[in-house]
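Spelled out, the chains give:
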Amino acid sequence: MSFANLKRNRNSISDLVSAASAVDGPKETKSYVDERMWKPTVDKAGNGYAVIRFLPAPEGNELPWVRYWDHGFKGPTGQ
């Protein structure tokens with residue numbers, strides 16, 4: 001896909017905002033571990049490192065984003 005095609009076929013911000021507002025609302029909470037998601041390894045100080053490269057959306061994909069949550073809670077043991 002050329003840069004000219006990307007510019008011509010890009011989505012407007014209003015499309016993305018309307019799609020994000022459509023998924024916003026009360027949701028059912030689920031608790032499970034998804035091993036398909038990659039997380040960087042951390043050193044002893046808790047620092048992680050990752051290089052992220054953004055790629056253009058494939059043709060036919062109208063909304064080039066993914067909704068992902070990652071929550072962490074500290075328990076009584078400090079972990």
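This text goes with the structure placed above it.
As a starting point, this report considers the structure included with it. (Residues numbered from 1 in each chain as written. Predicted model: local features only at pLDDT ≥ 70, side-chain atom pairs only at ≥ 80, totals over all residues. Heavy atoms only, no water.)

1. Digging into the overall build of the chain
Going by this rule: Here a strand is any run of E in DSSP of at least two residues, a helix any run of H or I of at least four, and the numbering for each starts at the N terminus. Relative accessibility thresholds used throughout: buried, under 20% of the residue-type maximum; exposed, over 50%; partly exposed, between the two (1.4 Å probe, protein chains only). With residues, only the protein chains shown are counted as cover, and all accessible areas are computed by Shrake-Rupley using a 1.4 Å probe.
Helix and strand content of the chain: 2 helices and 0 strands. When each of the 79 residues of the chain is scored for burial, the buried share is 1%. Element-wise, carbon and sulfur atoms account for 55% of the exposed surface of the chain, whose accessible area totals about 8,200 Å².

2. Some points on a nonpolar patch on the surface
Keep this limit in mind: Patch membership is restricted to residues that have no salt bridge and whose relative accessible area is over 30%. Joining uses 9 Å for like charges and 5 Å for the nonpolar side chains Val, Leu, Ile, Met, Phe, Trp and Tyr. When a carboxyl oxygen of Asp or Glu lies within 4 Å of a side-chain nitrogen of Lys or Arg, that pair is called a salt bridge.
Nonpolar side chains collect at one region of the surface, where Met37, Val66 and Tyr68 lie side by side and expose about 320 Å² of accessible area between them. Of note, Met37 is situated in the segment after helix 2 (13-23). Its relative accessible area of 38% is what places Met37 among the partly exposed residues.

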